[in-house]
Structures are given as C-alpha cells and as structure tokens.
Amino acid sequence: MPLTEPVDAVQVEALSKRFAGVTAVDGLEFRVGPAEIFGLVGPDGAGKTTTLRMLAGVLPPDAGLARVAGCDVVREAEMLRNRISYMPQRFGLYEDLTVEENIRFYADLFGTGRTAREERAGRLLAASGMSEFRRRLAGQLSGGMKQKLGLTCALIHTPRVLLLDEPTTGVDPVSRRDFWRILYSLVDEGVTVVISTSYLDEAERCHRLALLRSGRLLLCDTPARLKGRLRGEVVVATSPRPRNVRDALARAPGVLGALLVGAAVHLNVDDAARIPELQRALAAAGVPCDSMLRVEATMEDLFVSVVGEAEGSGG
Amino acid sequence: MSAAQPDRAAVVVDRLVKRFGTFTAVDGVTFGVDRGEIMGFLGPNGAGKSTLIRMLCGLLRPTSGRALVAGLDVAREPEAVRQHIGYMSQRFSLYGDLTVLENLRFFGGLYGVEGREFAARSSWALEMAGLRGRESTLASELASGWKQRLALGCAVLHRPPILFLDEPTSGVDPIARRAFWELIQQMAATGVTVFVSTHYMDEAEYCHRLALIHRGRLVGLGAPEVLRRHALRGALLELECEPVGPALEALQAAPGVLDAAVFGSTLHVLVGSAESACAELPAQLAARGVRCTRIRTIEPTLEDVFVQQLGAGAPQEGAPP
C-alpha cells in the first residue's frame, strides 16, 4: 500500500559539507516531490556524491538540514535506512557470487521474504534483459549488466526514495535505456528517485534538475524551462570547411558564441532570423556552407552559457 | 610534425578478424581513416571495440586480415606501431602521486623523448594544458579538466601521428570539455588522426565520422549528421500526455508505432509515418481516456539511431550515405 504523503520526499535546506578546508557542498537548497525523478547534474567535484551520501544518512552534514522519506538524515538515520535505497558508484556486488546469489544476499540484508524476493527479482531481471544470466558470476558480467544487477539488488526491498550515484557511467546506450525504463516504472509505483550524472544529455530524462558546480546550486528547474533560459537561439552550420565558418562568423553581429563540433559549427545567435544574413556573410567571405538550421538548445548549451555568464560577471 | 608517411591513409583495416577460442570478438571489419580525421567508435560493452583498438595499437595480434597504422602492419611491426600512436584514457592514464612534471618525465621516458626534445615538448604540454607554474602540483590535486589536458599532453609527448582516446571527457565540466575538443580539433587540423571510443553522444558529436560496432561487426559508418538524419527508420515524435502510464500502454499497442518510451515528463514515440501518426494518435489515445496536449516531430538523437540499430540486431553493412 503506497503511502501518499503530502510532504516532500526530499527536503534540503542550507546543507553544507567541508573536507579539510574544501567546501564540497555549499548551502544547498532544494525539494523533491513524491514520485519525481530529480537529477543532480554537474562535473566531477561539483558535490553530487557528497550530497547523495548525506541524503543516504552515511555522511553527517556540517550544517543545514536534510529530510528524506520523512526522516531527518542525522537524528533518524536508522528509520531512514528502511525507507530508502542507496546505490553508490561502486555498488558492492560479490564478484564470486552468481547474479541469483547476490540478489538473495541483499534480500536477506533488507529482510525481504522469499516470495517478495522472487516476484521482484523476476520482474526487475526481465525488465533489464538479464533473466538468462541468473547463474552467471557477477564478476563475469559486462559493465552495463553489473549496473543493472546493482539496481536489482538495491530495489529488492521497496524503498520510498531511491538514491543513485552516477549509475550509468560506463554503461552502453542500450543498457542505459533499460535502466531508465526501470526508473520510470518505479516512479509509476510512487517511488521518488534522486540520480546524479555528469552527462547533460542523460539529464534531460529527469523531471527536474539541479545544476551543480563547485558545491553550489546554479539552477533548478525542469529541463524544458532550463533550456528556455538560454539567451538567444542555436543554429548549426555544416560545411566542408567548418573551421573557416567558425572564424568568419565568430565576431559577426548577433553571434554570441561559435563552437566547432566535428564537421559542424554550433552558433549561439540572438535571433535565428539572422540565418540569411549569416549565409550572406559566409558567401562574401568565400566560405562554403551546405546548410544552416535552427536546432533546439541542449542542456550543455545552457550550462556553458550560465557558467560563462557567472564567471564573466566576476561571480 | 612527425615522421609519419604523408599522402597515405592513416589507418587501413581490411577484413580484420580476432577470435578467442570459439568466440569471434572482431568479425571481418573493413574501413579506412584519413590523416586528420576524427573517427568515433561506438557500441555496447563487449561489442568488440576494445579488441579492435588493441589490435590497432599493436597490443593484440589479429587472427586474420590486415591492419596498417601509419603505414605499418600491426601484426608484423607491433613495436613500431606503438611508437606511432598515443593513447589516453581520462580515468587511468596519470599517476596521482606524481607531480605534473614527474608525470611528463615518466611518459617522456616511456616514449624515449629526451634532452632538448623533452624540454620543448614538456614546455608545449604545460602551455597547452594551462599548467605552467603548477609543475610541482600532484596530479591527484588537479581539477578534472586540467588532469585531462595533462593526460593528453603525456599521450602526445612523442608527437604520434595517431591518437586513441577512450571516453576522454567522462566526468569533465562542459566548459573544460569544449576546451579539450578545441585542442583535439586543432591537432586533427595539423594532420593527427584521432580515434575516440565512447558511450556518450556528447563526445560522439565531435567526431567527423562514427563507426558503430555490434557483435564484432561494423553495422553503421558515417558522419554524425548523416547518421542522425538518415539512418533512423521512421520518424520520432514527442507527445505530452496525461496520464503518462496508460498513454505508454496505449501507444505501445497502437498500429504504426515502432517504439514508445517515457522521456522525462514527455513520451518519445517512433512511428513509421509522422503524418498519419499525428493525425491518428490523439484520437486513439482519447479512446483510452488519455488526453494528448501536444504532439510534434523532433530530431532523433544519435542515441536513438544507435539504440534502434543495435536493437534490430540484424547487422547491415554500412549505413546509407
């Protein structure tokens, strides 16, 4: 019987953590609603792992407050452990045990009975395409399969909040889709997911995102609204001589940024209506251009623009 | 520049095969890469990517077929091949307990870069990585962007004409990632050939061409732009529906729908024809009590293309041009 709680699944206020003079997490504030997939996004060193460890109750904060699944992470750590599941970057699989044996081990740890275990393991393994590998040693699984087994073990009890630290690092795109399919089905059951990733393309799968850098929250919103905050629009020009396109247009009026990406140039322009004008500028410079099209901004475009502005303004 | 052979394709791979016992890891792969080209390898774990790269690096002898790297046969002259390549993996290539300069010296020794040449190259590497003045910092204390540029400096200290990068910008700040790719693209512009192996489309976009490898075979080859626009069978739609769960079920059962998946708060639906789907799907959903508030065609990502090609399983030799 899923408990529908009116309160937030995760509530973080002024959360901070320092390690030997380095502020890993610096006054973080956010809330995550029930059955939401919330992404912590940022490069290595942004504070994602430290935040997750505090939310999981395994690392005490220096200051601030965090409540997860209705429990204070410091004062109610014991109760918290029964309500959440935490999958760290290196989930502790036993390489010399089989897939089946690993699942049984974690089921015992979480006090999951045999019937519930069988039902849940069967469903999760089928969803991740792992059913035929039940008797394989965990040590002989590929990176993607290890991550999926980790998720199965972490979900062998029914947590209210699932905390995942970069679960798809080193996982191929096909396994990554399986992984996300499972996450969305959990959300249907009412589970809240907090997931960290350093990949901005993956971040777009979350309902809401917190962009982190150096322990601080830069922005927090839905992917669509975040991308809407980008100044101007993105235009992609393809050319047999992309470098020349970049050089010819980098300082053209209305061009806020120009980035060489393989055989294309990504232009951040104030208005896509400038395309004909930019094409004329290239023609005048004798630079060939096969196509110039407006595309949707990516999370990376947004991130670079936000961080660039923050640094440009001396922040 | 290096002593590499000019006017030749940088890498020629001809019907290359590698078997381990009864398992065929690489199964008759053929392609060529030009000087100055950035070529990406994509594929699931166990697809044969690393086996292929290890053969091209002269670390593993092919079972049959031939591979020429910088004009050298990898089976006959593996040591010479190794002198002509650089290899960088962001996660593993530096010694954290050595300083910046000690790391450079270590790799200099490994590649036989000494004396005046070492002075010139290490100075270039420090400049390129933005690490001048931080020569005695421990590598482990560097932020990821710097660490990665130092790793790149170490990997190309001996001016290799061919460079292999394994998930080079994994975990790196997007700004540092852009700076890194700017460097790589500059190197390519001077004639260095670059191979990139990755799972991430953020990195794949920077390649001039991509090779998709699946079950030891080449199942797709082309520019990212070309693959994205032409290799996907069908059209991709984005739907905003309420409620999402029943919408997904209804879509998966709807005629003309090849695949449907949740994507954030929207649904991504692959259909045979965008026109008929846009006309028919809202009514079909409404019949199941699902309200569709928005439906539009979106550009497929490289990931959409690859997941479809890998999911289909049936290898096709080369994607359409």
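Here the structure is a predicted model, which is why all the values come from computation and not from measurement.

### Focus: the overall build of chain B
In terms of helices and strands, chain B carries eleven helices and 14 strands. Taking the principal axes of its C-alpha atoms as reference, chain B extends roughly 80 × 45 × 35 Å. Burial analysis of chain B (321 residues in total) assigns 54% to the buried set. Accessible surface, chain B as shown: approximately 13,500 Å² in total, 52% of it carbon and sulfur. Taking the average place of the 32 positive charges on the side chains of chain B and the average place of its 34 negative ones, the gap between the two points comes to 5 Å.

### Observations regarding helix 4 (residues 115-129) of chain B
Residue and element names in this part refer to chain B. When the terminal C-alpha atoms of helix 4 are compared, their 21 Å separation across 15 residues agrees well with the 21 Å that a helix rising 1.5 Å per residue should span. Within helix 4, burial applies to Phe-118, Arg-121, Ser-122, Ala-125, Leu-126, Met-128 and Ala-129. The buried side chains of helix 4 occupy one side of the element, clustering within an arc of 165° when seen end-on. Turned more than 90 degrees away from the buried face of helix 4, the exposed residues are Arg-116 and Glu-127. Next to the buried residues of helix 4 lie helix 3 (100-111), helix 5 (144-155) and helix 6 (174-189).

### Digging into unusual backbone geometry
All names here are of chain B. With omega at -10°, the peptide bond leading from Glu-242 into Pro-243 counts as cis. Along the chain, Pro-243 turns up in the loop between strand 11 (235-242) and helix 9 (244-253). Phi angles above zero are rare outside glycine, and Ala-70 is one such case at about 50°. Take Ala-70: it is sitting in the loop between strand 4 (64-69) and strand 5 (72-73).

### What to know about the sheet that holds strand 3 (residues 37-41) of chain A
Residues and elements named next belong to chain A. Pairing is mixed across the open sheet formed by six strands, whose spatial order is 6-7-8-3-9-10. The sheet terminates laterally at strand 6 (84-87) and strand 10 (216-221), the two strands that pair on one side only. Here the average twist between neighbouring strands, direction ignored, is 15°. As paired elements, strand 7 (residues 161-165) and strand 8 (residues 192-197) share five bridges and run parallel to each other. If you follow Leu-164 over to strand 8, its bridge partner there is Ile-195.

### Looking at the pairing of strand 12 (residues 255-261) of chain A
Residue and element names in this part refer to chain A. Pairing of strand 12 with strand 13 (residues 264-269), which is carried by six bridges, proceeds in the antiparallel orientation. Bridged to Leu-260 within strand 13 is Val-265. From the end of strand 12 to the start of strand 13, which pair antiparallel, there are two residues, and Gly-262 there has a positive phi angle of about 60°.

### Description of the sheet that holds strand 5 of chain B
Residue and element names in this part refer to chain B. Within the open sheet, the four strands sit side by side as 2-1-4-5. Their pairing is antiparallel. Where the open sheet ends on each side, the last strands, each with one partner, are strand 2 (23-33) and strand 5. As judged from the five bridges shared by strand 1 (residues 11-20) and strand 4, these two strands associate in the antiparallel manner. Residue pairing for strand 4: Asp-14 is matched across the bridge by Arg-66. With respect to the sheet, helix 1 (residues 49-56) is in contact with strand 1, strand 2 and strand 4, its orientation differing from that of strand 1 by roughly 120°.

### Details of the confidence of the model for chain A
Across chain A, the average pLDDT comes to 90, with 96% of residues at or above 70. When the elements of chain A are averaged for pLDDT, helix 11 (residues 299-312) of chain A gives the smallest value, 76, and strand 4 (residues 63-68) of chain A the largest, 97.

### Notes on the interface of chain B and chain A
Every contact between the two is made by 38 residues of chain B and, on the other side, 42 residues of chain A. When the two sides are added together, the surface that chain B and chain A hide from each other amounts to roughly 3,700 Å², 51% of it contributed by carbon and sulfur. Inspection of the region where chain B meets chain A yields ten salt bridges. At the boundary of chain B and chain A, one finds 18 residue pairs in polar contact (both at pLDDT 80 or more). Of the residues forming the side of chain B that touches chain A, the biggest block, eight residues, is contributed by helix 6 of chain B.

### A word on the packing of helix 5 (residues 143-154) of chain A against helix 6 (residues 173-188) of chain A
Residues and elements named next belong to chain A. Across the interface, helix 5 lies against helix 6 with an axial gap of 10 Å and an inter-helix angle of 10°. On the basis of their axis angle, the class for helix 5 and helix 6 is roughly parallel. Taken as a pair, helix 5 and helix 6 cross one another with a handedness that is left-handed. Touching Gly-144, Gln-147, Lys-148 and Leu-151 of helix 5 are Ser-175, Asp-178, Phe-179 and Ile-182, all from helix 6.

### Things to note about the packing of aromatic side chains
In this structure the tally under the stated criterion is 13 aromatic pairs over all chains. Geometrically, the ring pair formed by Phe105(A) and Tyr106(A) is edge-to-face, given 5.2 Å between the ring centres and 85° between the ring planes. On the basis of relative accessible area, Phe105(A) is assigned to the partly exposed category, the value being 33%. Owing to a relative accessible area of 9%, Tyr106(A) belongs among the buried residues under this scheme. Here the aromatic cluster, defined as three or more aromatic residues joined through ring pairs, consists of Phe91(A), Tyr94(A), Phe105(A) and Tyr106(A). Here Arg121(B) stacks its cationic end above the ring of Trp124(B), 4.3 Å away from the centre of that ring. The ring of Trp146(B) carries Arg134(B) above its face, with NZ or CZ at 5.3 Å from the centroid.

### Concerning the pattern of salt bridges
In total, this model carries 43 salt bridges over all chains according to the counting rule given. One salt bridge in this structure joins Arg120(A) and Glu189(A), with 3.8 Å as the shortest N-O distance. Taken as a pair, Arg120(A) in helix 4 (residues 114-127) and Glu189(A) in the loop between helix 6 and strand 8 lie far apart in primary sequence, 69 residues in all. With a relative accessible area of 7%, Arg120(A) lands in the buried category. Looking at Glu189(A), the relative accessible area reads 33%, which means it is partly exposed. A salt bridge links Arg177(B) to Glu300(A), with the shortest nitrogen-to-oxygen separation between them at 3.0 Å. With Arg177(B) in helix 6 and Glu300(A) in helix 11, the pair connects residues from two separate chains. In this structure Arg177(B) comes out as buried when scored by relative accessible area, which is 1%.

### Description of the environment of Glu204(A)
Along the chain, Glu204(A) falls in the loop between helix 7 (200-203) and strand 9 (208-213). Residues Glu204(A) and Leu55(A), 149 residues apart in the sequence, show an inter-C-alpha distance of 22 Å.

Reading the values: rules and limits
- Residues numbered from 1 in each chain as written.
- Chains lettered and ligands numbered in written order.
- Predicted model: local features only at pLDDT ≥ 70, side-chain atom pairs only at ≥ 80, totals over all residues.
- Heavy atoms only, no water.
- Helix = DSSP H or I, 4+ residues; strand = E, 2+ residues; numbered from the N terminus.
- Buried < 20%, exposed > 50% of the residue type's maximum accessible area, 1.4 Å probe, protein only.
- Areas by Shrake-Rupley, 256 points an atom, 1.4 Å probe, with all protein chains shown as cover.
- Lys, Arg positive; Asp, Glu negative; His and termini not counted.
- Charge placed at Lys NZ, Arg CZ, Asp CG, Glu CD.
- Expected span 1.5 Å × (residues − 1).
- Arc of directions from axis to C-beta.
- Contact = heavy atoms within 4.5 Å.
- Pairing = 2+ DSSP bridges.
- Axes fitted to C-alpha atoms, helices over the stretch in contact; angles between N-to-C directions.
- pLDDT = per-residue confidence, 0-100.
- Buried area = accessible area lost by both parts, 1.4 Å probe.
- Salt bridge = Lys/Arg side-chain N within 4 Å of Asp/Glu carboxyl O.
- Polar contact = N/O pair within 3.5 Å; in protein donor to acceptor, adjacent residues only side chain to side chain.
- Parallel < 35°, antiparallel > 145°, perpendicular 65-115°, else oblique.
- Left-handed = near helix turned anticlockwise from the far one by under 90°.
- Phe/Tyr/Trp six-rings, centres within 6.5 Å; stacked < 30°, edge-to-face > 60°.
- Lys NZ or Arg CZ within 6 Å of the ring centre and 35° of its normal.

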